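# Analysis of the macromolecular model
If you want the building blocks of each chain, they are given just below.
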Amino acid sequence: MAKSLLSERGEASGAAVARELFNVFAALTPNQRIEFLVFVAESFQPDRKRLSEAARMYLAEPNTETAARLADDAEPPRQELLRRMNMAPGGTAALVAIRKQLLADLPAHPGLTLLDADLRHLFVSWFNRGFLELRRIDWQTPAAVLEKFITYEAVHEIQGWDDLRRRLAADRRCFAFFHPALPGEPLIFVEVALVKGLAGSINALLERDADEAMQAKRANEADTAIFYSISNCQDGLRGISFGNFLIKQVVEELRAELPGLRQFSTLSPVPHFRRWLEARIKKSDLPELMLTAGERQNLADAAGLPSEADQPLAALSAVLGAESWAQTATVKEALRPILLRLCAHFLTTRPAGKSRIDPVARFHLGNGARLERINWMGNPGKRGLEESYGIMVNYLYDPAIIEGNHEGFVREGTIARAAAVDALLMPVAPSNPSLLPRVTRRARAKT
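Our subject in this report is the structure included herewith. Think of each chain on its own: its residues are numbered from 1, step by step along the sequence as written. In keeping with the predicted nature of the model, local features appear solely for residues at pLDDT of at least 70, side-chain atom pairs appear and are counted solely at 80 or more, and the whole-chain, interface and lining totals rest on all residues. The side-chain quantities take in all heavy atoms of the structure and omit both hydrogens and water.

## Comments concerning the overall build of the protein chain
Numbered from the N terminus, helices here are DSSP runs of H or I no shorter than four residues, and strands are runs of E no shorter than two. Along the backbone of the protein chain there are 23 helices and eight strands. Principal-axis analysis of the C-alpha atoms places the extent of the protein chain at approximately 80 × 55 × 45 Å. Taken over 447 residues, the protein chain has a buried fraction of 46%. Across the protein chain, every contact between residues at least 6 apart in sequence was considered, and the portion connecting residues at least 24 apart equals 73%. Classification of residues uses two cut-offs on accessible area relative to the type maximum, computed with a 1.4 Å probe and protein chains only: under 20% is buried, over 50% is exposed, and between them is partly exposed. We call two residues in contact when some of their heavy atoms are within 4.5 Å.

Set out below in structure tokens:
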């Protein structure tokens, strides 16, 4: 059927053949589906003879005509097969579902990589910004759509309908991107809190407040919009970027609706910080951990290891290894300056070798945000402690310098940061100063 769909006959009756192909695929067992996807990946390859000839012609006479032929002959027939499958009613949604399964099977079946690359290539075109529709989500949105927001929330779980209603109140906003090929299915959504000043704690933003008059008053007095949750909804569209468009367009929507807003910031998790720190402690590889004598003694006292005052790694490992550290005030105070400083190093050190910057940081910094503030115990809940010892971060979106920050980060790895972050780095000197990122003069002048 796949071969037939690529034939001239298939082109004439494409929608019907594609629909039947999807019906047959849906009836296969999981193993049979994998076999079929591997077949598609391996069987519909470019014609080697034609491709070689086109390459020789281009090398012999490089011009627009030979380049166009080379591009045509290099494109695998798989992509045309997928385009024709997309002609079936609901074809786009079906292909998104297929990629979701494919991504789950990819580790065990690396031969599917080629098919995944083709799907991703096509999705980038089919789901480009020109096809996306931004909608504000409120309590009047159809219940079937609202229910999906409860299901898809990936950052701060929505505890039922009452919790959702609070997140859609007068001092809150929610926006989502939709696509005409997936009606009623959000692609990505962002939740926003309207507050005064930067928010440093997620608990305050998620607190349920039933006083509608107070909520309306807060909205009118707000000078800051806090983006506190961004959730991708479709696993089959993983790797297709929507968030950068979403945040920038929502900033414009909010500026038009609420002229009193002066700041646009996130309150974001640092999901890889704890993993990074535990790995560094295990390797005894923390050159940045140069503590004052008082910090060393406080850490050793908190660990109950007074003799370890000159071995901060041992004391740090002992303290963080105790599950109760977050419930003990003296221990938290001993850890506070140390963990904030280490988190600042984690977020501002240029990636080297196989290391990678935190994915949330990469997303916001790549979109032109500035690392504004690092908040102690911003999320003291179970997930926050497991990911980052409760630390959360504000990334500030200043429309005046977004483009400059974006260019600096993408081209040179420059991490724009505020004076408050610099202050965390001041007490210690890194063993290799070249690892610290450069700060743009524009960003430093702004702070």
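There's more to say after this.
## Details of the side chain of Thr-92
Among the structural elements, Thr-92 can be located in helix H8 (residues 91-105). Residue classification places Thr-92 among the buried positions, given a relative accessible area of 11%. Side-chain polar atoms of Thr-92 contact the side chain of Asn-86, separated by 2.6 Å. Ignoring sequence-local partners within four residues, the contact set of Thr-92 consists of Asn-86, Phe-127, Ala-181 and Leu-182. Residues adjacent in sequence count toward polar contacts only when both atoms are side-chain atoms; beyond that, a polar contact is any pair of N or O atoms within 3.5 Å, and within protein one must be able to donate a hydrogen and the other to accept it.

## Observations regarding the pairing of strand E4 (residues 224-232)
On any regular strand, side chains alternate: one points to one face of the sheet, the next to the other face. Judged by how many residues are buried, E4 sits mostly within the fold: seven of nine residues are covered. Two strands form a pair only when DSSP identifies at least two bridges running between them. One ladder, built from eight bridges, connects strand E3 (residues 188-195) with E4; its direction is antiparallel. By the bridge assignment for E4, Phe-189 is matched with Ser-231. With four bridges joining them, E4 and strand E5 (residues 263-266) adopt parallel strand pairing. Paired with Ala-225 across the bridge in E5 is Phe-264. The crossover handedness rule: strands pointing away from the viewer, path from first strand over the helix to second strand clockwise, crossover right-handed. Between the parallel pair E4 and E5, the chain is carried across by helix H14 (residues 243-257), and the sense of this crossover is right-handed.

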